[in-house]
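Overview (structure and organization)
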Amino acid sequence: MKWTKFYLPDAYSPTMEQLVYFHDHTMSIITSITILICILLNSLLWNKLIDLNMNEHQMIETWWTILPTIVLFLIAIPSLKILYSMEELINPTISIKSMGHQWYWSYEYSDKFCKELESYMKYNKKNDFRLLEVDNKMKAPFLTQIRMIFSSSDVLHSWTIPCLGIKMDAVPGRINQSSLMIKKPGIFMGQCSEICGANHSFMPIMLESIKLNKFIKWIS
């Protein structure tokens, strides 16, 4: 994803792929409606309507009530399907807990081996990504069902990685969860999307996706 692009970031998870498809589906409907309205407005501007019998037309009134309902169903059904799939957890292999702090993230792996790490933003490195590089990357295996658990120790935070289609609030005193499955290896970056304080823009997220056997070696 580069700053010159006007489209959505490349999808690296099934959830993000479905969100991109839903975006295209919705935009095609909106574009069709916009073209139809432009044609009708053009017809109204360049024609003189002098037919008095058109003052009341029951069939037209019926159809312009039914058609918007059909359009809303065409948008709502895929949307509800994606919302349901984003909340559904199907036999997660690994659970990772992400805690928001002022202003850094901490990660806990407690399934088999207990491992904790804190992730701070790195400063003043020539080859680092500005405001996105961290000292300890969160590691997760790809092609593996992961359960992400979110909470906060102080104020509201939001754990967000756009290209994975995940955005979940970290609320103090409460645990939220979401499913995640990464389709490819790589490094994926995000930031806190909640205005959580003075250093809100210095809470980057860096996730490294690796093979399952390498992940087992790293965590053990």
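Reading the values: the criteria
Numbering of residues starts from 1 in every chain and runs along the sequence as written. pLDDT decides what is reported in this predicted model: residues at 70 or higher carry local features, side-chain atom pairs at 80 or more are listed and counted, and totals for whole chains, interfaces and linings draw on all residues regardless. Only hydrogens and water are set aside when side-chain values are computed; all heavy atoms of the structure are taken into account. Salt bridge, as used here: a side-chain nitrogen of Lys or Arg that lies within 4 Å of a carboxyl oxygen of Asp or Glu. The helix and strand labels rest on DSSP assignments: H or I over at least four residues marks a helix, E over at least two residues marks a strand, and numbering proceeds from the N terminus. Here's how the labels work: a residue is buried when its accessible area is under 20% of the maximum for its type, exposed when over 50%, partly exposed in between, all with a 1.4 Å probe on protein chains only. UniProt positions are given in the numbering used here, feature names are shortened, and annotations may be inferred rather than shown by experiment. Each pair of strands is called paired provided DSSP finds at least two bridges between the two strands. With axes taken as lines fitted to C-alpha atoms, and helix axes fitted only over the stretch in contact, angles between N-to-C directions fall between 0 and 180 degrees. A helix's residues, less one, multiplied by 1.5 Å, set its expected span. Only heavy atoms enter the contact rule, under which two residues are in contact if any of them lie within 4.5 Å. Without a salt bridge and with relative accessible area above 30%, a residue can belong to a patch; like charges are then joined within 9 Å and nonpolar side chains (Val, Leu, Ile, Met, Phe, Trp, Tyr) within 5 Å. Here, Shrake-Rupley sampling with a 1.4 Å probe gives the accessible areas, and only protein chains in the shown set may cover a residue. Pairs of N or O atoms within 3.5 Å make up the polar contacts considered here, provided that, within protein, one atom can donate a hydrogen while the other can accept it, and that residues adjacent in sequence are counted only when both atoms are side-chain atoms. We call two directions roughly parallel when the angle between them is under 35 degrees, roughly antiparallel when it is over 145, roughly perpendicular when it lies between 65 and 115, and oblique otherwise. Note that Gly is not counted as nonpolar here; it falls among the polar residues with everything else outside the nonpolar set of Ala, Val, Leu, Ile, Met, Phe, Trp, Tyr, Cys and Pro and the charged set of Asp, Glu, Lys and Arg.

Regarding the pattern of salt bridges
Inspection of the entire model under this criterion finds two salt bridges. Across the pair Glu 17 and Lys 183 runs a salt bridge whose closest N-O atoms are separated by 3.0 Å. Here Glu 17 is found in helix H1 (residues 14–46), whereas its partner Lys 183 is found in the loop between strand S8 (176–180) and strand S9 (186–191), with 166 residues between them in sequence. Look at Glu 17 and you get partly exposed, because its relative accessible area is 23%. Residue Lys 183 is classed as partly exposed on the basis of its relative accessible area, which comes to 33%. With a closest N to O distance of 2.6 Å, Lys 139 and Glu 208 form a salt bridge. Here the residue Lys 139 occupies a position in strand S4 (residues 138–141), and Glu 208 occupies one in strand S10 (residues 204–210), the gap between them amounting to 69 residues. The pair Lys 139 / Glu 208 is uniform in exposure class, with both members buried.

Things to note about the UniProt feature "transmembrane region" (unreviewed entry) in the protein
When the UniProt feature table is mapped to this numbering, "transmembrane region" (unreviewed entry) covers residues 20–41 and 62–84. Across residues 20–41 one finds 100% helix and 0% strand; the C-alpha atoms that close the span lie 31 Å apart. Across residues 62–84 one finds 100% helix and 0% strand; the C-alpha atoms that close the span lie 33 Å apart.

A closer look at the sheet that holds strand S2 (residues 104–109)
Overall, mixed pairing links the five strands, which are arranged S3-S2-S1-S5-S8 in an open sheet. Each having just a single partner strand, strand S3 (115–119) and S8 make up the two edges of the open sheet. Ignoring which end each strand starts from, the neighbouring axes of this sheet average 20° apart. The pairing of strand S1 (residues 94–101) with strand S5 (residues 146–152) spans seven bridges and is classified as parallel.

A few points about H1
In this model, H1 (33 residues) spans 48 Å end to end at C-alpha, consistent with the 48 Å of a helix rising 1.5 Å per residue. Those residues of H1 lying buried are Thr 15, Met 16, Val 20, Thr 26 and Ile 29. Buried residues along H1 sit in contact with helix H2 (58–87).

A short note on a nonpolar patch on the surface
Among the surface-exposed residues, Met 59, Trp 63, Ile 66, Leu 67, Ile 70 and Leu 74 lie close enough to one another that they form a single nonpolar patch of about 570 Å² accessible area. Of note, Leu 74 is situated in helix H2. On the basis of relative accessibility, which here comes to 44%, the residue Leu 74 falls in the partly exposed class.

Remarks on the sheet that holds S9
An order of S4-S10-S9 is seen for the three strands of this open sheet, with the pairing classed as mixed. Of all strands in the sheet, those bounded by a partner on one side alone are S4 and S9. Along the sheet, successive strands turn relative to each other by an average axial angle of 25°, direction set aside. Set on the sheet, helix H3 (residues 212–219) makes contact with S4 and S10; between it and S4 the angle comes to about 135°.

Topic: the side chain of Thr 160
Residue position: Thr 160 is located in strand S6 (residues 157–161). Side chain to side chain, Thr 160 and Ser 193 meet in a polar contact 2.9 Å long. Contacts of Thr 160, omitting those with residues within four sequence positions, involve Ile 166, Lys 167, Gly 190, Gln 191, Ser 193 and Ile 205.

Details of the packing of H1 against H2
Close contact between H1 and H2 brings their axes to 11 Å; oriented N to C, the two are set at 170°. Taken together, the axis directions place H1 and H2 in an arrangement best described as roughly antiparallel. Note on element contacts: H2 touches H1 through Val 71, Leu 74, Ile 75, Pro 78, Ser 79, Ile 82 and Met 86, opposite Thr 15, Gln 18, Leu 19, Phe 22, His 25, Thr 26, Ile 29 and Ile 33. Tallied by class, residues from the contact of H1 with H2 come to 10 nonpolar, five polar and no charged.

Notes on unusual backbone geometry
A cis geometry characterises the amide bond from Gln 102 onward to Trp 103, with omega recorded as -5°. Here Trp 103 lies in the loop between S1 and S2. In this structure, Leu 143 takes a positive phi of about 55° despite not being glycine. By the secondary structure assignment, Leu 143 is in the loop between S4 and S5.

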